[in-house]
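Single-letter residue listing:
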Amino acid sequence: MTNLGRLYPLLDDVRLPDTIPYSQVSTWELRFLYLLGRHHLTGEDRLVELGSGGGGSTYALALGLRESPVFDERRGRLHAYDFFRVGKGTFATEKFFASGKPADDDSFLDDFRGRLEPFLPFLEIHAGDLWKTSDPEDTSPIEFLHIDIAKTPRVFRCVTERFLTRLRPGSVVLHQDFAGPRLPWLHHSTGALLPYIEIAGPPIRFTLAFEVVRPIPGDVLKSIAEDTRSVDEKLTLISAVQERIDRDHTGGIPFKSVLEFSKAYVAHYAGDHRRAWSLAEPLVFDEYLGRTRADHFEQLRKAYDEDRAKNGGGGSRLSRLVRKTLGR
């Protein structure tokens, strides 16, 4: 069993308070955050949450830290980063507002502070664009990094340059969006890190947890940040991750299929829409993906059809069947 794996048997017994704020992450993930704070983290190095949202995940982690026998609230600090507002590019929801509707400035920062009031003595809040609220000169080691903010390559570059570079052996990382095929940078970057990390176990619903076990070379991190790898190299790295994980711990999410779909987005973002659709097309009849990612298939098929119309060609028999299935 891995270092973090010892927390899995405790998940069923966690009872979080009814006062925990609304969160976009599952109850299972909130329980795991609580267990990390309660039984694993020390606070001797930085504890960082990127993408705190309405405060549910922050609350669960902070509650665990408060109940920890080793965390010192006088010295330890939990750093919460987010835009703390709704609007274009923020991926936030109006449910983060206590009143249920945005304030005049679209900010829910006061709501966040109110919900996290019990933990404010050891909580440091960084509100705004991550490129502006993070310090490029800060090289202090990070003990814990929760990544729920890397929805775009621009933000993921900031995460890599300013946070992943501060990981050390023993650092814990959670990728909350690991079940998102549209975020393939999370997947091929994890593949690049495999020689230096130990995956905790099955993903906890949408979250992959791992611990750094060897120093990560600077050139590996630079390649991730600058996105220098070819499409084929990225696909190979994702395949390496597929060899390590299958379904999430509840058995509900087939990560091998999710990661295969992620490969299609690697090609899509590279502008190779034919290859993207050739990777996505066989997955159309996957039960989970067909039920939860129909809009993804539509996006890739539309890009492929437009490319095909521009360059000629009638498409495969399976493509025509898929178009019929999708209603086009």
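This text goes with the structure placed above it.
Here's a quick rundown of the structure. (Residues numbered from 1 in each chain as written. Predicted model: local features only at pLDDT ≥ 70, side-chain atom pairs only at ≥ 80, totals over all residues. Heavy atoms only, no water.)

**Considering the packing of helix 8 (residues 231-242) against helix 9 (residues 255-269)**
In plain terms, the rule: Axis definition: a line fitted to C-alpha atoms, limited for helices to the stretch in contact. Angles are taken between N-to-C directions and run from 0 to 180 degrees. In this description a helix means any DSSP run of H or I spanning at least four residues, a strand means any run of E spanning at least two, and both kinds are numbered starting from the N terminus. When an angle is under 35 degrees it counts as roughly parallel; over 145 it counts as roughly antiparallel; between 65 and 115 it counts as roughly perpendicular; any other value is oblique. Contacts were defined at the residue level, with two residues in contact if any of their heavy atoms lie within 4.5 Å. Basically, the charged four are Asp, Glu, Lys and Arg, the nonpolar ten are Ala, Val, Leu, Ile, Met, Phe, Trp, Tyr, Cys and Pro, and anything else, Gly included, counts as polar.
Orientation of helix 8 relative to helix 9, taken along the N-to-C sense of each, is 170 degrees, at an axis distance of 10 Å. Relative to helix 9, the element helix 8 is oriented roughly antiparallel. Each of V231, K234, L235, I238, S239, V241 and Q242 in helix 8 lies in contact with helix 9, whose residues at this interface are K256, L259, E260, S262, K263 and V266. Taken together, the residues that form the contact of helix 8 with helix 9 break down as six nonpolar, three polar and four charged.

**Focus: the packing of aromatic side chains**
What characterises a pair of aromatic rings is the spacing of the ring centres plus the angle enclosed by the ring planes. Here is the rule: Here is the rule: rings of Phe, Tyr and Trp (six-membered ring for Trp) pair when centre to centre is within 6.5 Å. Planes less than 30 degrees apart are stacked, more than 60 are edge-to-face, and the remainder are tilted. Exposure classes here rest on a 1.4 Å probe applied to the protein chains alone. A residue is buried below 20% of its type maximum, exposed above 50%, and partly exposed in between. Charge-over-ring contacts are defined here by two conditions on Lys NZ or Arg CZ: a distance within 6 Å of the ring centre and an angle within 35 degrees of the ring normal.
Counting across every chain of the model gives twelve aromatic pairs. A ring pair is formed by F84 and F112, whose centres lie 4.6 Å apart and whose planes are at 55 degrees; its orientation type is tilted. Here F84 is found in the loop between strand 2 (78-82) and helix 3 (109-115), whereas its partner F112 is found in helix 3, with 28 residues between them in sequence. The class of F112 is buried, set by a relative accessible area of 0%. Among the aromatic residues, those joined into a cluster by ring pairs are W185, F261, Y265, Y269 and F297. The ring of W28 carries R31 above its face, with NZ or CZ at 4.7 Å from the centroid.

**Concerning the nonpolar core**
Selection rule: In this text, buried Ala, Val, Leu, Ile, Met, Phe, Trp, Tyr and Cys residues form a nonpolar core when linked through side-chain atoms within 4.5 Å.
With 60 residues, the main nonpolar core has L50, L130, L145, V159 and F261 as its most contacted residues. Once residues within four sequence positions are removed from consideration, L130 is found in contact with L50, Y81, I149, V155, C158, V159, R162 and F163. Residues V14, L65, L78 and F119 belong to the second largest nonpolar core, which totals 40 residues.

**Quick word on the packing of helix 1 (residues 27-39) against helix 2 (residues 56-66)**
How we decide: We call a crossing left-handed when the near helix sits turned anticlockwise from the far one by less than a right angle, and right-handed when that turn is clockwise.
Where helix 1 contacts helix 2, the two axes come as close as 6 Å, and the packing angle between them is 30 degrees. Judged by the angle between their axes, helix 1 and helix 2 are roughly parallel. For the pair helix 1 and helix 2, the sense of crossing is right-handed. Contacts between helix 1 and helix 2 pair L30, L33, Y34, G37 and R38 from the former with G56, S57, A60, L61, L63, G64 and L65 from the latter. Here the residues of the contact of helix 1 with helix 2 are counted per class, giving seven nonpolar, four polar and one charged.

**Comments concerning the side chain of H175**
Position of H175 among the secondary structure elements: in strand 5 (residues 167-175). Its relative accessible area of 3% is what places H175 among the buried residues. Residue contacts for H175: discarding those within four places in its chain leaves I147, F156, L186, T190, F206, T207, L208 and F210.

**Re the pattern of salt bridges**
Selection criterion: Any carboxyl oxygen of Asp or Glu within 4 Å of a side-chain nitrogen of Lys or Arg constitutes a salt bridge here.
Taken as a whole and judged by the stated rule, the model has 21 salt bridges. One salt bridge in this structure joins R75 and D72, with 3.5 Å as the shortest N-O distance. By relative accessible area, which is 62% here, R75 ends up exposed. Here D129 ties to R154 by a salt bridge, and the two come within 2.9 Å at their closest N and O atoms. Here D129, found in the loop between strand 3 (123-127) and helix 4 (130-133), pairs with R154, found in helix 5 (residues 153-162); they are 25 residues apart in sequence, far enough to count as distant. The class of R154 is partly exposed, set by a relative accessible area of 46%.

**Considering the layout of surface pockets**
The line we're drawing: A pocket, in this scheme, is an open set of points on a 1 Å grid over the protein atoms alone with protein on both sides within 12 Å along at least 5 of 7 lines, while a cavity is a set where a 1.4 Å probe fits but cannot get out; residues line either one if an atom lies within 4 Å of a point. Grid points are joined across faces, edges and corners, and a volume is the space filled by probe spheres set on the points.
In this structure, the second largest pocket occupies an estimated 370 Å³ of space. Taken together, 23 residues line the second largest pocket, and the ones lying closest to its centre are P153, W185, H188, D227 and K234. Of all the secondary structure elements, the ones that give two or more residues to the lining of the second largest pocket are helix 5, helix 6 (184-193), helix 7 (218-226), helix 8 and helix 9. Among the elements that take part in the lining of the second largest pocket, helix 6 stands out by supplying five residues, more than any other.

**Side note on the pairing of strand 7 (residues 208-212)**
We apply this condition: Any two strands with at least two DSSP bridges between them are considered paired.
Summarising burial for strand 7: five of the five residues are buried, a large majority. Side chains L208, F210 and V212 project from strand 7 onto one buried face, and the interleaved A209 and E211 project onto a second face that is buried too. Direction of pairing for strand 5 relative to strand 7: antiparallel, over a ladder of four bridges. For H175, the partnering residue across the bridge sits in strand 7 and is L208.

**Details of helix 6**
The buried fraction of helix 6 is high, at ten of ten residues. Turning to helix 6, its buried residues number three or more, namely P184, W185, L186, H187, H188, S189, T190, G191, A192 and L193.

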